[in-house]
Amino acid sequence: MADARRRHRRPVRPPEDRGGGWVGQEFEVSVGPVAHGGHCVARHEGRVVFVRHTLPGERVRVRVTEDRHPGFCRADAVEVLEAAPARVERPCPYSGPGKCGGCDWQHVDPAEQHRLKAAVVREQLVRLGGLDAADPVVAGLVVEELSGGALRWRSRARFAVDRTGAPGLRRHRSHDVVVLDDCPITVEPAAQAVLARRWPGAGAVDVSIDSTGAVTTARLDRRGQPQLADVLQAGDELPAEPAGRAERRAGGRDWEVEGTGFWQVHPAAADALVTAVEDLAAVTPGETVLDLYAGAGLFGGALAPLVGEQGRVVCVESDPGACAAADANLAALPQAEVWQGMVDADGLEELLGELGGAPDVVVLDPPRAGAGKAVSRLLAGTGARAVVYVACDPAALGRDVAAFAEAGYRLADVRGYDAFPMTAHVECVALLVPA
């Protein structure tokens, strides 16, 4: 019986070829709408083809790069037969089919990038958030440009390192490292601090440049664990002594953060997001604000002066280093507190019990995966008059908007910001209120 089973067992296809067996094939397609993830949608022989390096309305020849699912495959546009008006020459020589996967829209005029990103956010709010496309909040959404242009904006990055110690970035959906001598979207001193050196034994290098021009690098091993940190002052050629803090400027004041710790990567993003959060939260003196995933205390620190000495701001963050930075940043604001803890269902229930009363306003800035259904429902259960949600992923925002809607909240406003030019990423700030 065992021999019979073996004889009838189907051959196992390689992981990249479990769909229609199209990997490596080339064919022509007419390109349809933009989709979440930096590609557009086309169809061929009844199957969906997600195509990178193209634009809606173009006619292109594609090469299939991945075919793992029966219903769709992934491809690169390797030849443009009919170009869209918004197509431009790529400013980065490492961008294009089969090259660096760090950027998605190098071939697209920046103004068109804003329109594409707005279309993606609207589609996610409709498809995942359950909203009507004709809803004025959805239909009126735009993605705003931030100051500084589409290049040299990235102040914090992670570069991969190959087995020889050469730094670069990975190909799209690959572990292969494309060795670089520059990254045009990264602030030049930060890029050169990594790319002009070899990093033997490292698996990756984190780098950031702060508002004073100090560059911090942190080596990671091949498991993603820290090895050591260097700090370069502007103009230095060799690493200075390690230091664990960097200075950032936002909201009219200076902030202390971990050297390569979380902070908005676009120099203008923190200011734009603080302004949006202040506007949508509209806090008044005496109110209680709950700031979740608080990081170094940016939003809580901006709102604390507005609630006044009779108000209260509780910042919740799980990372010990970020909590230490938040303690320092909020030290002059007695109405602000920093609590270290996880923002999950169990931790949030305990936190709300210790809070001693429902918050008037909740601000949350979750990671890319979003807050999730359980946390969203718990927050809606507080009855807060306003929930201000800062989102770096429109799909996660859509899912969480649906969870809030199930718990009695509606989307009252949403604003988009192009905090990641040349990439498919977009930052949003949404306002949810009781329905």
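Cut-offs applied
- Residues numbered from 1 in each chain as written.
- Predicted model: local features only at pLDDT ≥ 70, side-chain atom pairs only at ≥ 80, totals over all residues.
- Heavy atoms only, no water.
- Helix = DSSP H or I, 4+ residues; strand = E, 2+ residues; numbered from the N terminus.
- Rg over C-alpha atoms; globule rule 2.2 N^0.38 Å.
- Buried < 20%, exposed > 50% of the residue type's maximum accessible area, 1.4 Å probe, protein only.
- Contact = heavy atoms within 4.5 Å.
- Areas by Shrake-Rupley, 256 points an atom, 1.4 Å probe, with all protein chains shown as cover.
- Lys, Arg positive; Asp, Glu negative; His and termini not counted.
- Charge placed at Lys NZ, Arg CZ, Asp CG, Glu CD.
- Salt bridge = Lys/Arg side-chain N within 4 Å of Asp/Glu carboxyl O.
- Pairing = 2+ DSSP bridges.
- Axes fitted to C-alpha atoms, helices over the stretch in contact; angles between N-to-C directions.
- Phe/Tyr/Trp six-rings, centres within 6.5 Å; stacked < 30°, edge-to-face > 60°.
- Lys NZ or Arg CZ within 6 Å of the ring centre and 35° of its normal.
- Expected span 1.5 Å × (residues − 1).
- Polar contact = N/O pair within 3.5 Å; in protein donor to acceptor, adjacent residues only side chain to side chain.
- Parallel < 35°, antiparallel > 145°, perpendicular 65-115°, else oblique.
- Left-handed = near helix turned anticlockwise from the far one by under 90°.

1. Quick notes on the overall build of the protein
Logical step 1: Secondary structure summary: the protein contains 10 helices and 22 strands in total.
Logical step 2: Taken over C-alpha atoms, the radius of gyration comes to 23 Å for the protein, in line with the 22 Å a tight globule of 435 residues would show.
Logical step 3: Taking the principal axes of the C-alpha coordinates as reference, the protein spans close to 70 × 60 × 55 Å.
Logical step 4: The buried share among the 435 residues of the protein stands at 54%.
Logical step 5: Taking the intrachain contacts of the protein between residues at least 6 apart in sequence as the baseline, contacts between residues at least 24 apart amount to 61%.
Logical step 6: Per element, the accessible surface of the protein, about 19,400 Å² overall, is 50% carbon and sulfur.
Logical step 7: Side-chain charges of the protein comprise 47 positive and 60 negative groups, with the mean position of each set lying 10 Å from the other.

2. Re the pattern of salt bridges
Logical step 1: In the structure shown here, the tally under the stated rule is 21 salt bridges.
Logical step 2: Across the salt bridge formed by Arg 158 and Asp 206, the nearest N and O atoms sit 2.6 Å from each other. Pair noted here: Arg 158 is in strand β8 (residues 156-161) and Asp 206 is in strand β11 (residues 204-209), with a separation of 48 residues, a long-range link.
Logical step 3: Residue Asp 206 is classed as buried on the basis of its relative accessible area of 11%.

3. Digging into the environment of Leu 141
Logical step 1: Relative to the helices and strands, Leu 141 resides in the loop between α3 (136-139) and β7 (143-145).
Logical step 2: Measuring from C-alpha to C-alpha, the distance between Leu 141 and Ala 118 comes to 6.5 Å, with 23 residues separating the pair along the chain.
Logical step 3: What Leu 141 contacts, discounting residues up to four positions off in sequence, is Ala 118, Val 121, Arg 122, Val 414, Arg 415 and Gly 416.

4. What about the sheet that holds strand β4 (residues 47-52)?
Logical step 1: Taken together, 6 strands build an open sheet; the order of strands is β1-β5-β6-β4-β3-β2 and the sheet is mixed. Two strands close off the open sheet at either side, each with one partner strand: β1 (26-30) and β2 (34-35).
Logical step 2: Sheet topology note: the strand β3 (residues 39-44)/β4 ladder contains 5 bridges and is antiparallel. Across the sheet, Arg 43 pairs through a bridge with Val 48, a residue of β4.

5. With respect to the pairing of strand β21 (residues 409-418)
Logical step 1: Pairing of β7 with β21 involves 3 bridges; the strand directions are parallel. Note on β21: the bridge partner recorded for Glu 144 is Tyr 417.
Logical step 2: Bridge count for β21 against strand β22 (residues 427-434) is 8 bridges, and the pairing is antiparallel. What sits directly across from Arg 410, in β22, is Val 433.

6. A closer look at the sheet that holds β21
Logical step 1: Read across the sheet, 8 strands follow the order β7-β21-β22-β20-β19-β16-β17-β18 without closing on themselves; strand pairing throughout is mixed. Of all strands in the sheet, those with a lone pairing partner are β7 and β18 (336-340), marking the two edges. In this sheet, adjacent strand axes meet at a mean angle of 20° when their direction is disregarded.
Logical step 2: Here strand β16 (residues 288-292) runs beside strand β17 (residues 312-317); their pairing, made up of 5 bridges, is parallel.

7. Digging into the packing of aromatic side chains
For any pair of aromatic rings, the description rests on two quantities: the centre-to-centre distance and the angle between the ring planes.
Logical step 1: All told, the structure shown has 5 aromatic pairs when counted by the stated rule.
Logical step 2: Between Trp 22 and Phe 27 the ring centres are 5.5 Å apart and the planes differ by 75°, which places this aromatic pair in the edge-to-face class.
Logical step 3: With a centroid separation of 5.9 Å and an interplanar angle of 65°, the aromatic rings of Phe 404 and Tyr 409 are classed as edge-to-face.
Logical step 4: Among the residues examined, Phe 404 registers a relative accessible area of 0% and is labelled buried.
Logical step 5: Above the face of the Trp 199 ring, Arg 197 is positioned so that its terminal group lies 4.2 Å from the ring centre.
Logical step 6: Sitting over the face of the ring of Trp 255, Arg 253 holds its NZ or CZ atom 3.8 Å from the ring centroid.

8. Examining helix α2 (residues 110-127)
Logical step 1: Between its terminal C-alpha atoms α2 stretches 26 Å, which fits the 26 Å expected from 18 residues at 1.5 Å a residue.
Logical step 2: The set of residues buried in α2 consists of Glu 112, Gln 113, His 114, Leu 116, Lys 117, Ala 118, Val 120, Val 121, Gln 124 and Leu 125.
Logical step 3: Those residues of α2 that are buried lie in contact with β2, α3, β7, α10 (394-406), β21 and β22.
Logical step 4: Between a side-chain oxygen at the N-terminus of α2 and the backbone nitrogen of Ala 111 the separation is 3.1 Å; the capping residue is Asp 109.

9. Some remarks on the packing of α2 against α10
Two quantities define a packed helix pair, namely the angle between the helix axes and the distance between the axes.
Logical step 1: Orientation of α2 relative to α10, taken along the N-to-C sense of each, is 30°, at an axis distance of 8 Å. Classed by the angle they form, the pair α2 and α10 counts as roughly parallel. The crossing of α2 and α10 is right-handed. Residue-level inspection shows Val 120, Val 121, Gln 124 and Leu 125 of α2 in contact with α10, the latter providing Pro 394, Ala 395, Leu 397, Gly 398 and Val 401.

So far we have only geometry, and geometry alone does not tell us how the molecule works.
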